[in-house]
Amino acid sequence: MTATPTRGPRRSGSLGPVGLVLAGCVSVQFGAALAVTLMPRAGALGVVTLRLLAAALVLLVVCRPRLRGHSRTDWGTVVVFGLTLAAMNGLFYQAVDRISLGAAVTLEFLGPLALSVLASRRAVNTVWAGLALAGVFLLGGGDFGDLDPAGVAFALGAGAMWAAYIVFSARTGRRFPQADGLALAMAVGALAFLPLGIAESGTRLLDPVTVGLGAAVALMSSVLPYTLELLALRTLPASAFAILMSLEPALAALAGFLILDQALSAVQALAVALVIAASMGAVRTQVGRGKATLPPVD
């Protein structure tokens, strides 16, 4: 991935692309913890529906994206991005409804990690893949007997969608100005997910308290982090982005502990550390070769 050239020195007071990604990581994990507390009121699919709808409305009002002047490829990219967002959120929330937030994010993170490893042709990356698998093995207590199988499957599915999100977020950021593409993609995702939310939650989605909490989740987990990441990916090399995203499992475990009282055992904490180390190792291998972590994007 080629960084966009900038003019003049970076202002020391500006947050910068690294700060944007870190702020987004913190926001999305604490937003996810808030979403877990909302699930008894609206159900997992209902929370996803509220999150996507609120985020879409906020982004459409703020961005006022232009609908004309885009090619068929532009629209195809934004539709796929929107469907990816909906699937990623839906699968992840089904996971955290069944297993702890820290475990869910650790398993989900295998998606971006696999993307990084597959993008490389160096044999050393098999070491990083093995380290990640060891972490996952420890996370499941050796046989995953302590984790709900459905929760594990949903988390892994969310990981595959997360890998697709990284690719299509970058593509969308290059085809649409500012956050216009994100606003349109969020609208696509919200419309696609709405029937599922209505089927599960019905009139519970109209409760004022539920709507208010859903809007807070949308701001913390969608509007702020997705916008920050999309803007950061315009100038931040994919390798640096992937290293920063490696902190997600640790931040999720922290949010789960502080908000949901979900403490990790020593073995589970080691498992999270192994997955983070594997991700950073895979990315640094790519950096050493001077190559981007992600495949080339149009």
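What counts, and where the lines are drawn
- Residues numbered from 1 in each chain as written.
- Predicted model: local features only at pLDDT ≥ 70, side-chain atom pairs only at ≥ 80, totals over all residues.
- Heavy atoms only, no water.
- Helix = DSSP H or I, 4+ residues; strand = E, 2+ residues; numbered from the N terminus.
- Contact = heavy atoms within 4.5 Å.
- Areas by Shrake-Rupley, 256 points an atom, 1.4 Å probe, with all protein chains shown as cover.
- Polar contact = N/O pair within 3.5 Å; in protein donor to acceptor, adjacent residues only side chain to side chain.
- Phe/Tyr/Trp six-rings, centres within 6.5 Å; stacked < 30°, edge-to-face > 60°.
- Buried < 20%, exposed > 50% of the residue type's maximum accessible area, 1.4 Å probe, protein only.
- Core = buried A, V, L, I, M, F, W, Y, C linked by side-chain atoms within 4.5 Å.
- Expected span 1.5 Å × (residues − 1).
- Bend = angle between axes of the 7 residues up to and from the residue.

**Considerations on the overall build of the protein chain**
Turning to step 1, where the next piece is worked out: Summing up its helical and strand segments, the protein chain has 12 helices and zero strands in all.
Turning to step 2, where the next piece is worked out: Secondary structure of the protein chain in N-to-C order comes out as α-α-α-α-α-α-α-α-α-α-α-α.
Turning to step 3, where the next piece is worked out: Considering only residue pairs separated by 6 or more positions, the protein chain has 89% of its internal contacts joining residues 24 or more positions apart.
Turning to step 4, where the next piece is worked out: Element-wise, carbon and sulfur atoms account for 66% of the exposed surface of the protein chain, whose accessible area totals about 13000 Å².

**Quick word on the side chain of Thr49**
Turning to step 1, where the next piece is worked out: Residue placement: Thr49 occurs in helix α2 (residues 44-63).
Turning to step 2, where the next piece is worked out: A polar contact is formed between the side chain of Thr49 and the backbone nitrogen of Gly197, at a distance of 3.5 Å.
Turning to step 3, where the next piece is worked out: Apart from residues no more than four positions distant in its own chain, Thr49 is found in contact with Phe193, Leu194, Gly197 and Leu205.

**What about the packing of aromatic side chains?**
Turning to step 1, where the next piece is worked out: All told, the structure shown has three aromatic pairs when counted by the stated rule.
Turning to step 2, where the next piece is worked out: Summarising the aromatic geometry, the rings of Trp75 and Phe176 are spaced 6.4 Å apart at their centres and angled 70° between planes, so their arrangement reads as edge-to-face. Of the two residues, Trp75 is situated in helix α3 (residues 72-96) and Phe176 in the loop between α7 (149-175) and α8 (180-201); the sequence distance between them amounts to 101 residues.
Turning to step 3, where the next piece is worked out: Trp75 gets classed as partly exposed once you look at its relative accessible area, which sits at 29%.
Turning to step 4, where the next piece is worked out: Its relative accessible area of 3% is what places Phe176 among the buried residues.
Turning to step 5, where the next piece is worked out: Taking 5.9 Å as the distance between ring centres and 65° as the angle between the ring planes, the aromatic pair formed by Phe92 and Tyr93 counts as edge-to-face. With respect to burial, Phe92 and Tyr93 carry one shared label: buried.

**Focus: unusual backbone geometry**
Turning to step 1, where the next piece is worked out: The residue Arg64 is not glycine, and still its phi comes out positive at about 45°.
Turning to step 2, where the next piece is worked out: Within the element layout of this structure, Arg64 appears in the loop between α2 and α3.
Turning to step 3, where the next piece is worked out: Positioned with a positive phi, Asp261 is a non-glycine residue whose angle comes to about 55°.
Turning to step 4, where the next piece is worked out: Mapped onto the secondary structure, Asp261 falls in the loop between α11 (248-260) and α12 (266-288).

**Considering helix α4 (residues 101-108)**
Turning to step 1, where the next piece is worked out: Within α4, eight of the eight residues are buried, which leaves the element mostly enclosed by the surrounding structure.
Turning to step 2, where the next piece is worked out: Along α4, the positions that sit buried rather than exposed are Leu101, Gly102, Ala103, Ala104, Val105, Thr106, Leu107 and Glu108.

**Regarding the nonpolar core**
Turning to step 1, where the next piece is worked out: Grouped together as the largest cluster of nonpolar side chains are 78 residues, with contacts concentrated most on Leu85, Phe92, Tyr93, Leu101, Leu182 and Met186.
Turning to step 2, where the next piece is worked out: Ranked by residue count, the leading element in this core is helix α1 (residues 16-42), at 10 residues.
Turning to step 3, where the next piece is worked out: Residues within four places of Leu182 in sequence aside, it is in contact with Leu59, Phe81, Leu85, Thr172, Tyr226, Thr227 and Leu230.

**Describing the environment of Gly90**
Turning to step 1, where the next piece is worked out: Inspection of the secondary structure assignment puts Gly90 in helix α3.
Turning to step 2, where the next piece is worked out: For Gly90 and Ala44, which are 46 residues apart along the polypeptide, the C-alpha to C-alpha distance reads 7.8 Å.
Turning to step 3, where the next piece is worked out: If near-sequence neighbours (up to four positions away) are discounted, Gly90 is found in contact with Val48 and Phe193.

**Here we look at helix α9 (residues 208-232)**
Turning to step 1, where the next piece is worked out: The first and last C-alpha atoms of α9 sit 34 Å apart over 25 residues, in line with the 36 Å expected at 1.5 Å per residue.
Turning to step 2, where the next piece is worked out: When the local axis directions of α9 are compared, the greatest deviation, roughly 40°, occurs at Leu219.
Turning to step 3, where the next piece is worked out: Measuring from the backbone nitrogen of Val209 back to the side-chain oxygen at the start of α9 gives 3.2 Å, which picks out Asp207 as the cap.

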